[in-house]
Amino acid sequence: MRAKLVTSLAVALLVLLAGLWLVHPPASRANGERDEEKGGHAHVPAPLEYADVHVPLSVWTDPAMIALGKEIYATRCAVCHGDAGDGKGPAGLALPLKPPDFRNKDGVAEMRDNYWFWRVSEGGQVEPFKGKGSAMPPWKGQLAVEERWAVMAYQHTFSGHQGPHVTWEHPESVAVGRDIYAMACVMCHGVEGKGDGSVGPMLSRRRAPQPRDFTSAEFKFRSTPSGHLPTTADLLRTVTEGVRSAGGPMTIGLRGHRIMPSFGHMPKEQRLEVIEYVKSLNRGFWERPGIKTVAVPAPPPFTPERLARGRQLYADAECSACHGERGRGDGPSAPTLKDNRNLPIAAADLTKPERFKNGGRPEDVYRTLMTGLAGTPMPSYADSLEPDQAWDLVFYVLSLSRGGRTAQAGTR
Amino acid sequence: MFWRSFVSVALTAMLVTTVDVGAAIAVPAFARQYDLQCNVCHTRPPRLNRFGEQFHMMGFQIPSAARPGGLVGSLKDDGPVKTLIDSLALRIEGGLFEYTESPRETETKFAPPDEITLFVARPLLPDLSFFVELEGEPRAVVFEKGRYFTKGETGLGKEAFFMLNLGRLVGALGAPTMEMGGQTMVGTHGGFSMHGPMLMAGKVDPNTNFSYATNRQLIAPTELEVKHGAVERLPVVPYAFASKFFGLFKNRDEPQLVTDQVMYNTPGAPGADLHAMFNDVVLGQIGFLRENEGFDTYAAARFDLLDRGELTFNVSAVVNWGFGVVRAPDPEDHDHPGDKRLDRVRYGVAANVRWKELDIYGALIWDRLYGLPGELRGDVDRTATGLTVQVDYLAHELVMLSSRFDQLWAGGLKNEKRDGSVLSVQAKFYPWQNVAFFIRDSVNLRGFVEESPLRNWRNQVFVGVDWDF
């Protein structure tokens, strides 16, 4: 009797699971279905090359820019989008993908400035809009950046919104990211993103690393110069890879001993959504004049000479003061190291590149050397090392683990 | 004399334990599946922090980042061997030495690890996971033929269940849904949202979502001690969640001990639990559980009221109706069970405050019996209450200090019942995140009563290891 019941339950469960799987396989896009219903203008995250393009706040309300935008709009956009911005221009009526109605406050509010700029720049030549039959031409070759900003500012006036079009004025534009943040990030990074979630103090008691304060200007993992905010690609790399750390359980099988999980299984669109929300917590992302990044040149071939030069650089730059002669993080200064919150911080054990917080691949180590880790004693060597020298040092650092096999493998 | 003996015992235990632990390697399953340190999910193992609670609630998945394909994805990415090993975990828990003092006797006793558990757990699909404990107890206490015995036992442990996210099913019924990292949530972005509903079925202990979660305790319950077929000493457990009544029976044979863990701290019972989190503020839970000859139905809610800076605060309430879950004693002979099964109604509130390195949680639970035979009305107190409050303080990266106060206002047979008050303090040292050595002292704050297994002790000191996951 009992066996029959168990068997019946098991079969019922299997049927239910199979049904669920067939009826609704996992989707990979955030909020996509709802946007589909709105006419195909899915407000997907802007791709990385546009993600950092944030319109200066003053542009949205500058009368001169709005006037310039009006002029451009009349000659280039109104034919499809309509004089009143209602999407009913004479040429737009026959298009398979109807132009959006800029008077729709809700629709406009959901568009982030970088999305908007991407759409104006690339038009309908990119996915997912190309596949939906968008006929919008790309304007990046015909309009300067400021002109594209101007036309956006004018289009923005149709919605009736008076202030700058920014995420903190339109929380609905980061609703997806905020939901993910509330689900996955708030416990460590806190409600306001100040790195003061309840998990932090227990995670690593009064020691670094602590959860990042997104409202400050200091981000450790960057490709930008010391003291600058990171790029969206930097944030994406951190969200995807997580943060590795020293310590952890006595066990086998762990590789990076992450202290922040890898969200690599989260669809990229959703990772970008949560990053847009994180950026909305820090107006510095809108106020920075331009973005410089530290280029990572292709690694030169590994040679014993380079390794020898790297060893010499390691000594000259006094890396051993913190990292120790053999790179084990046991240099004479190591016990006294503190971060900018005055919390004790360990020097990285260079013999374990799989645990490097900023990544253990050669290009990661290069980037760390040239940008430093903001808020920690690890400085940037961008002013003191030439790229070639930096690679020498990278080879030496990676040679400290596994008899140098890492360094050689990294050049292949 | 006492302290000299104690220190000798403690040092010896440390030495023995260290040697013993070094011979084997812990295998924390979830840590390995996600390449994470233990402290990401635990304040210190085994107690969950808020991220761990969320991880558990979402069916052992990193929130918003379920592995596409689940088990198949793991097999493809990691291969079968790593997938298998990553699905397993081992836990050894036990007080290796015990020192008990009463006015009458001083007793020193060796006790081997009392619990060895093999966990098999992992997500099978983004919306489905399973969790099974296989347990070996070298000194399990069993009741047979009217007597208590100590013998080795193996079998299913406290919990063995699957967890299924029913979000898709609710969506198929017409509710709006959102895809969050391969998992389906009900609701709309920026509006109403619901995690789950999650169905947890099998052998379950549904208290993980309660403000006082009892199934991952930093201060582990002590063992029941038996002698000559009878109960010698009752264990020290969170009294709020105990059965609380003297003189009742589980069935037609076995007594229900006053410290037996029932409903919201059950040692795992067949049942099903549905829970869902609404707008990240309210967690609702309903379910049913088998208990003895009857079954429990319950509803609980947790309200996450404050999340500001490093301060969080939540409160919970539970109501439980246990239908026929205990048996009244025979009105003519109180030492034997009667024919009448009783209902038990349980109300409880709990709260949890977390601030910096401090974690305070407590529960107050009232029980009342219904269906008592008229002949027993004068002999039985139908109400009982339990209070448990615990404070954990992470005093050092490697040291968690804990203290718990348990108060029992017992019910049941008036000529047998005793109230109890116990204060426990514990220091737990984590040389690794998954290995803890602990020293614990429990003090009976009430008067010594020789014939009462609840109070026939003054002080209990334990030195042990919790080799954890």
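These numbers were taken from a predicted model, which means no experiment stands behind them. (Residues numbered from 1 in each chain as written. Chains lettered and ligands numbered in written order. Predicted model: local features only at pLDDT ≥ 70, side-chain atom pairs only at ≥ 80, totals over all residues.)

1. Details of the confidence of the model for chain A
For clarity, the cut-off: The predictor reports its confidence for every residue as pLDDT, a score running from 0 up to 100. Residues are scored as being in contact if the C-beta atoms we place from backbone atoms lie within 7 Å.
Put simply, chain A has an average pLDDT of 87, and 87% of its residues get 70 or more. Confidence drops under pLDDT 50 across residues 22-39 of chain A; counting only partners more than four residues distant or on other chains, this segment forms 29 contacts.

2. Some remarks on the pairing of strand 25 (residues 435-444) of chain B
Every other side chain in a regular strand lies on the same face of the sheet, so the side chains alternate between the two faces. Residues and elements named next belong to chain B. Applied cut-off: Each residue is classified by how many other C-beta atoms fall within 10 Å of its C-beta atom, where C-beta atoms are placed from the backbone; a count of 20 or more means buried, 12 or fewer means exposed, and values in between mean partly exposed. A helix here means a DSSP run of H or I that spans at least four residues, while a strand means a run of E at least two residues long, and both kinds are numbered starting from the N terminus. Here the rule is simple: two strands pair whenever DSSP picks up at least two bridges between them.
When you tally the buried positions in strand 25, you get 7 out of 10 residues, the bulk of the element. Bridge count for strand 24 (residues 420-432) against strand 25 is 9 bridges, and the pairing is antiparallel. Bridge pairing links V425 to D441 in strand 25. Across 9 bridges, strand 25 lies against strand 26 (residues 459-467) in antiparallel orientation. By the bridge assignment, F437 is partnered in strand 26 with V465.

3. Description of the sheet that holds strand 23 (residues 411-413) of chain B
The strands making up a sheet are joined through hydrogen bonds of the backbone, oriented either antiparallel or parallel. Taken in spatial order, the 3 strands of this open sheet run 13-23-20 (chain B), and their pairing is mixed. If you trace the sheet from one side to the other, it starts and ends with strand 13 (245-246) and strand 20 (380-381) of chain B, each paired once.

4. Here we look at the environment of W149(A)
Residues and elements named next belong to chain A. Within the element layout of this structure, W149 appears in helix 7 (residues 145-157). Once the C-alpha coordinates of W149 and W60 are considered, the two residues, 89 residues apart in sequence, prove to be 8.2 Å apart. For W149, the residues in contact, after removing those within four places along its chain, are V55, V59 and M65.

5. Description of the interface of chain A and chain B
At the junction of the two partners, chain A supplies 51 residues and chain B supplies 57 residues. For the side of chain A that touches chain B, the elements supplying multiple residues, two or more each, are helix 1 (2-23), helix 8 (175-184), helix 9 (186-189) and helix 10 (200-203) of chain A.

6. Remarks on unusual backbone geometry
Here the amide bond leading from A208(A) into P209(A) is cis, since omega sits at 0 degrees, within 30 degrees of zero. Between P45(B) and the following residue, P46(B), the backbone shows a cis peptide bond with an omega angle of 5 degrees. When you line up the elements, P46(B) lands in the loop between strand 1 (42-44) and strand 2 (47-48). A positive phi is found at E318(A), a non-glycine position, where the angle reads about 55 degrees. Mapping E318(A) onto the fold places it in the loop between helix 14 (304-316) and helix 15 (320-323).

7. Points about the environment of I219(B)
Residues and elements named next belong to chain B. Along the chain, I219 turns up in the loop between strand 10 (193-204) and strand 11 (225-227). Owing to 23 C-beta atoms within 10 Å, I219 belongs among the buried residues under this scheme. Beyond its immediate stretch of four places on either side in the chain, I219 contacts Q390, S402, R404, S424, Q426 and R440.

8. A word on the confidence of the model for chain B
Residues and elements named next belong to chain B. Overall, the predicted model of chain B reaches an average pLDDT of 87, with 90% of residues at or above 70. Per-element averaging of pLDDT across chain B places helix 1 (residues 2-22) at the bottom with 41 and strand 22 (residues 399-409) at the top with 98. Segment residues 1-27: pLDDT under 50, and 37 contacts once partners within four positions in sequence are set aside and those in other chains are kept.

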